[in-house]
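# Reading the structure
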Amino acid sequence: MANNASTGSVGPDPQQAPAREFNPATVKYFRGDIFHPSSEVERDIGGLVLRRGAMTQAEISRAINRPQQTVSRLVSRLVERGMLRPGERVSSGKRGQLSVKIEIVPDYAYSFGISILWDALAVTLMNFGGEVLGSRQCAMATMSHDSVVAELRRMIEELKAGCAFDSGRVFAAGVGIPGPFMHETGRVNTPLILEDWANIDLEETLAHDLELPVWVENDGNAAAIGESLFGVGRRAGDFVYLYIDTGVGGGVIHNGRLVRGSFGNAGELGQVLPPQIYPHPNLKLLRELVCRGGGRIDSVSELIAKFDPDWPGVDEWIARSRDSLSLIASAGAALLDPAAIVIGGRIPRPLIRKVIPHIEIYDQRRRSFERPLPPIVAAEAGGESVSVGAAALPFSKYSFR
């Protein structure tokens, strides 16, 4: 038998792995006088009520497998902080007794979600209950630091002026940006078009620019977090999210939590495809094929805004992408055995519906039986997926799991 053991150490140096957990002392502009950190179990309770809606304490106790006395104490603490509140009274199942449902307080806090894309920006304003209060998108001629920051400030001020909410209770901003994480916290190896944003401390830089606490996440992971809280994740604790934009990425959700991996880069699904063998099924390729078919589309943002599933070139994109998508979906299904494969990102929903029937999850049948395979479904979280997920990111770090 061949010896595959390495003479070096196995796995990353713990000192080099990105420390992505919340630490109030290291987050610039954090309002510790208003917002109080939640314990792990309190975050379990908050995330459960956010996903499922109002619940009784008995239902919460069963769902998180904790004694009802413990749940009652923790819920009382969260109510006192203003995060949860008593709702309607319902029958407890015992004659003459009523139980009170516990619900999220939407105006406890607000967050901005920012997506920094290849050729565009988006900003979403979200309340603590996950409701999108407003959003803005903008195509960009240049993605330089100064141009991006000026436009982000403009969109944020526009949302503040146009939406009815207490701007004094803005908790933070979450940011989604393409590219894998490097060893250092908050540093991303961005695409070349985002050169100004490559390998810098994005959280510190943007916190200074926007005067808000900032959390940064890979765009595919941000979209997966949003889907976990507001989409397929409401009924599926395990899924693989395939994020399609100018590039291909994604995220993995297991037991309702984002799987980060040793370096923060789990879910980079585009890396499954061997270079020069399988085409990357992205929107850049789609735009090229549509233009070759006679369409006049100057950017991916324009393609998304004007998309028509009957354009010349769309069927060719599906034909060229189906093997790549089948390989990615099959790898995700085989490695993780998820409840669903979710396709989302900036890819237009009519295109998702059109391509799904062409994707095959490979299975080697034995005795004429096939193993249980996950359905391939369209993402359900509304709005611009990265900015929605990015808006949820600070809450998921601090209040929800």
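For the structure itself, look to the data block above.
An account of the accompanying structure is given in this report. Keep in mind that this is a model prediction, so the values were computed, not measured.

Turning our eyes to something else, we now look at the sheet that holds strand β8 (residues 214-218). Here we have five strands laid out as an open sheet, ordered β6-β5-β4-β7-β8, and mixed in their pairing. If you trace the sheet from one side to the other, it starts and ends with β6 (132-139) and β8, each paired once. Strand-to-strand, the axes of this sheet are offset by a mean angle of 15 degrees, without reference to chain direction. Of the strand pairs in this sheet, strand β4 (residues 110-116) and strand β5 (residues 120-127) are connected by seven bridges, and their pairing is antiparallel.

What follows concerns the side chain of Ser326. For Ser326, the location among the structural elements is in helix α9 (residues 314-336). Judged by its relative accessible area of 3%, Ser326 falls in the buried class. A polar side-chain atom of Ser326 sits 2.8 Å from the main-chain carbonyl oxygen of Arg322. When residues no more than four places from it in sequence are discounted, the contact partners of Ser326 are His358, Ile359, Glu360 and Tyr362.

A word on the packing of helix α1 (residues 40-52) against helix α2 (residues 57-64). Relative to each other, α1 and α2 sit at 115 degrees, their axes nearing to 11 Å. The orientation of α1 relative to α2 falls into the category roughly perpendicular. Here α1 and α2 pass one another in a crossing that is right-handed. From α1, Val41, Asp44, Ile45, Leu48, Val49 and Arg52 reach across to α2, where they touch Ile60, Ala63 and Ile64. For the contact of α1 with α2, a count of residues per class yields seven nonpolar, no polar and two charged.

Next up on the list: the state of the cysteines. The final tally for this structure, using the stated rule, is zero disulfides. With no disulfide of its own, Cys138 has Cys163 as its nearest cysteine by sulfur position, at a separation of 17 Å.

The next point concerns the pairing of strand β10 (residues 248-254). Where burial is concerned, most of β10 is hidden: six out of the seven residues are buried. Sheet topology places strand β9 (residues 239-244) next to β10; six bridges connect them, and they run antiparallel. Of the residues in β10, the one forming a bridge with Phe239 is Ile253. Count of turn residues in the β9/β10 antiparallel hairpin: three residues. The pairing of β10 with strand β11 (residues 257-258) spans two bridges and is classified as antiparallel. Looking at β11, one finds that Ile253 is bridged to Leu258.

Right, let's talk about helix α11 (residues 385-398) for a bit. Every α-helical turn comprises 3.6 residues, leaving residues that sit three or four positions apart pointing alike. Here α11 spans 20 Å end to end across 14 residues, near enough to the 20 Å set by a 1.5 Å rise per residue. At Ala392, α11 is deflected by roughly 30 degrees, the largest bend along its length, and proline Pro394 occurs up to four residues later in sequence. The buried fraction of α11 amounts to 14 of the 14 residues, a majority that puts the element mostly inside the structure.

A few words now on empty space enclosed by the protein. Summed over the entire model, instances satisfying the criterion amount to one cavity of 30 Å³ or more. Empty space within the largest cavity amounts to approximately 30 Å³. Taken together, Glu42, Gly46, Leu78, Met83, Leu84, Ile104, Phe128, Ser399 and Phe400 make up the full set of residues lining the largest cavity. Residues that form the lining of the largest cavity fall into these classes: six nonpolar, two polar and one charged.

Here the phi dihedral of Asn65 falls at roughly 60 degrees; this positive angle occurs in a residue that is not glycine. When you line up the elements, Asn65 lands in the loop between α2 and α3 (68-81). Positive phi values are uncommon outside glycine, yet Gln276 reaches one of about 65 degrees. Along the chain, Gln276 turns up in the loop between β11 and α7 (283-292). Gln276 sits in the exposed class, given a relative accessible area of 83%.

Moving on, we get to the pattern of salt bridges. Considering all chains together, one arrives at 15 salt bridges under this definition. A salt bridge links Arg136 to Glu158, with the nearest nitrogen and oxygen atoms 2.5 Å apart. On the criterion of sequence distance, the pair formed by Arg136 in strand β6 and Glu158 in helix α4 (residues 145-162) is long-range, its members being 22 residues apart. For Arg136, a relative accessible area of 25% puts it in the partly exposed group. The class for Glu158 is partly exposed, based on a relative accessible area of 33%.

Under the counting rule described, the total for this entry stands at eleven aromatic pairs. Where Phe35 meets Phe171, the ring centres are 5.1 Å apart and the plane angle is 85 degrees; that geometry is what we call edge-to-face. Here Phe35 is found in the segment before α1, whereas its partner Phe171 is found in strand β7 (residues 170-177), with 136 residues between them in sequence. Across this residue pair, the class does not change: Phe35 and Phe171 are buried. Their ring planes at 35 degrees and their centres at 4.9 Å tell us that Phe128 and Phe400 sit as a pair that is tilted. Here the residue Phe128 occupies a position in the loop between β5 and β6, and Phe400 occupies one in the segment after α11, the gap between them amounting to 272 residues. A single burial state applies to Phe128 and to Phe400, both of which are buried. Among the aromatic residues, those joined into a cluster by ring pairs are Phe35, Tyr108, Phe128, Phe171, Trp215, Phe395, Tyr398 and Phe400. The residue whose ring lies beneath Arg169 is Tyr108, and the NZ or CZ to ring-centre distance is 5.3 Å.

Criteria and thresholds
- Residues numbered from 1 in each chain as written.
- Predicted model: local features only at pLDDT ≥ 70, side-chain atom pairs only at ≥ 80, totals over all residues.
- Heavy atoms only, no water.
- Pairing = 2+ DSSP bridges.
- Helix = DSSP H or I, 4+ residues; strand = E, 2+ residues; numbered from the N terminus.
- Axes fitted to C-alpha atoms, helices over the stretch in contact; angles between N-to-C directions.
- Buried < 20%, exposed > 50% of the residue type's maximum accessible area, 1.4 Å probe, protein only.
- Polar contact = N/O pair within 3.5 Å; in protein donor to acceptor, adjacent residues only side chain to side chain.
- Contact = heavy atoms within 4.5 Å.
- Parallel < 35°, antiparallel > 145°, perpendicular 65-115°, else oblique.
- Left-handed = near helix turned anticlockwise from the far one by under 90°.
- Nonpolar A, V, L, I, M, F, W, Y, C, P; charged D, E, K, R; others polar.
- Disulfide = S-S within 2.5 Å.
- Expected span 1.5 Å × (residues − 1).
- Bend = angle between axes of the 7 residues up to and from the residue.
- 1 Å grid on protein atoms, 1.4 Å probe; cavity = no way out; pocket = protein on both sides within 12 Å on 5 of 7 lines; lining within 4 Å.
- Points joined across faces, edges and corners; volume = space filled by probe spheres on them.
- Salt bridge = Lys/Arg side-chain N within 4 Å of Asp/Glu carboxyl O.
- Phe/Tyr/Trp six-rings, centres within 6.5 Å; stacked < 30°, edge-to-face > 60°.
- Lys NZ or Arg CZ within 6 Å of the ring centre and 35° of its normal.

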